[in-house]
Amino acid sequence: MPAAESVRLGRKRAVPACPNPLFLKWLTELRDEAKEKGLKTQYTYQKAIGSLNKYPLPLQNAKEAKILQNFGDGICKILDEKLQRYLRENGPDAPTRSLPEGAPPPGGQDNNRLAPSRKNAAGDQEGEGGGRRKKRDYVPQKRSGGYAVLLTLYRQMQVPGSKGYMFKMELQAEAQLLCDKSFSVPDLGSKYTAWSSVSTLIRKNFVIKTHNPARYSLTEDGLALAERLESVEHDPKDVPRGDGGEATGEEWLDEEEEEEQRAPGLVDLTASDDDEEEEKEEDGIQPACATQQRSDAGGTRLLGKVQNPQAASKKPNEGCLPPGSYEIILCVDFIETTGGSNHRKQELVKELQRNGVNFDVRKLNVGDFLWVAREKVAPVPGQLRAPPARELVLDYIIERKRMDDLCGSIIDGRFREQKFRMKRCGLRRPCYLVEECGSAASHLSLPETTLQQAIVNTQVVDGFFVKRVQDVRESAAYLTVMTRYLIRLYQDRALICRSRELEGDGGGGEEERGTPSCSLISFAEFNYGAIKNKCQTVREVFARQLMQVSGLSGDKAAAILEQYSTPHSLLTAYERCASDAQKEKLLSSVRYGKLKRNLGPALSRTIYQLYCTKGALS
């Protein structure tokens, strides 16, 4: 008696038959054909198959399928042609709700998954007898975004004295030399850049992201994978292999991400004719073989892909703006042109236009006026808009104050906070432009002597350059002269983009008089770093708390933070003191400012009472 076969217990649910088997059969053939050719339209056909399997009613023709999801004009047109050919060959009365003999049953498992490609056919045959194949390990494709990020982090860890992590901007700059795809500009027809692969690395636990600003470092799994990639870089014969013993060598992406990365020559079959016409009007018609290029400072590059990877790896200063490749633009905060006294603010704009100043109105998170070096970018044939130009911020920023505004900002405390933020913005030449220094101050709520003393303190104590003018016309004249001076000053200089993440808020050493700095930060990084209500660290919140104490300036708060960076460290120091008198004098010997004066016992006692008194302060 033959051995009894294993019986699977449980009730098996019957799979409902698809009422449109011909359409399902043709869509499956189209999907398999696209898969064999390596076309990404296979995912579009697969979605259409899923929608058709869920539809319970018979369709008389393909046009009726347009009500289904993922069925566009392209798919319906193909199915209608196949239906007409089928009726011509088999007669007008041929059955459309049954399949020819030998065809797989509709709605089966074969129609709900993608057909295997040729290169995996052998592996699938081997796995048929042994059950389900084991999923292969993730190995990024050579010179892809994930490959470049892993290798860059690994090589940075091998440097003696390495900090063990990298910030986003330095990681992108270093990894770009190892990647064929741009980390900042997406490919045509896609919204993804090479940086998009970092989310995949984080999700697969190869890279960990911490702190704010973000710091990226390798995990143990990422370190092991990066070591394998590094060994392949030196010995190409040693190809990383998955668990199945076969060379992977490709970067596995999610199905949705694959569809977004569709090549420019492929047609989206789910789009209607109206959508295609609108796209042609906006973007222009581009053939599949056309190559979009843009002029870059380091040479000619493809949008998203480097034309010559070896040449790109040899470019030393990809973030450099050579002389003549940029123009100096005055940036005006939009608050200076709208709201309040509209006539007075429009007068400033008219004066700048009358003087022929090239300016741009935009939102500035700190300051009212600054200057940027904007890259000159030529428009690309076939594109509606020119590529985005790089912008580097010059080391000059101006805060404009009328006397009434100065009075109000002193009363509500904004004046001290603005000076603190101007010092921390990363630009080395902050300036205050004070208007109406004459009789206008006599009608304000503060005495004129108080306002004059505040202006002098800003110049002498805080180290700001202060320019006094009488009215809006003189302000516009000063901005015009400054713009022309900076154009002449930077006309023969090459500019290099630097990152504030690597050097902190100081922005580098002191510059010589008359010699401009050619190492500048980008406008995007500057404006983001100057956001007033962005996420703050404990150290920054602690500094703000200290500066609320009367008589405690920014320099004094910075001196305290050098010794006690958090409230916890300060409270721990108080606990180590033997008596209350010692606690009150703990901060009295802290030196601050350029003259290194002592903080004094009065402020030290006030801070002790603020943080150590239980209950309400008397």
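Residues numbered from 1 in each chain as written. Predicted model: local features only at pLDDT ≥ 70, side-chain atom pairs only at ≥ 80, totals over all residues. Heavy atoms only, no water.

**So, the overall build of the chain**
Counting its secondary structure elements, the chain contains 22 helices and 16 strands. The burial tally for the chain puts 40% of its 618 residues in the buried class. Taking the contacts inside the chain whose residues are at least 6 apart along the sequence as the reference set, 68% of them involve residues at least 24 apart. In the structure as shown, the chain presents an accessible area of about 35500 Å², 50% of it carried by carbon and sulfur atoms. (Helix = DSSP H or I, 4+ residues; strand = E, 2+ residues; numbered from the N terminus. Buried < 20%, exposed > 50% of the residue type's maximum accessible area, 1.4 Å probe, protein only. Contact = heavy atoms within 4.5 Å. Areas by Shrake-Rupley, 256 points an atom, 1.4 Å probe, with all protein chains shown as cover.)

**Quick look at a nonpolar patch on the surface**
Together, Phe334, Ile335 and Val361 make up an exposed nonpolar region whose accessible area comes to about 220 Å². Along the chain, Val361 turns up in strand S8 (residues 359-362). (Patch = residues over 30% accessible without salt bridge, like charges linked within 9 Å, V, L, I, M, F, W, Y side chains within 5 Å. Salt bridge = Lys/Arg side-chain N within 4 Å of Asp/Glu carboxyl O.)

**Concerning the sheet that holds strand S1 (residues 166-167)**
Spatially, three strands are ordered S1-S3-S2 in an open sheet, and the strand pairing comes out antiparallel. In the strand order of this sheet, the two ends are held by S1 and strand S2 (207-210), each with one partner. Bridge count between S2 and strand S3 (residues 215-218): four bridges; the pairing is antiparallel. Looking at the pairing, Lys209 lines up with Tyr216 of S3. (Pairing = 2+ DSSP bridges.)

**Focus: the nonpolar core**
In terms of nonpolar packing, the biggest core is built from 30 residues, with Leu330, Leu352, Trp371, Leu486 and Tyr490 touching the most fellow members. Among the secondary structure elements, those contributing two or more residues to this core are strand S7 (326-333), helix H12 (342-354), strand S9 (369-375), strand S10 (391-402), strand S11 (429-435) and helix H16 (472-489). Among the elements that line this core, the one with the most residues is H16, at seven residues. For Leu352, the residues in contact, after removing those within four places along its chain, are Leu330, Val332, Val357, Phe359, Ala476, Leu479 and Thr480. (Core = buried A, V, L, I, M, F, W, Y, C linked by side-chain atoms within 4.5 Å.)

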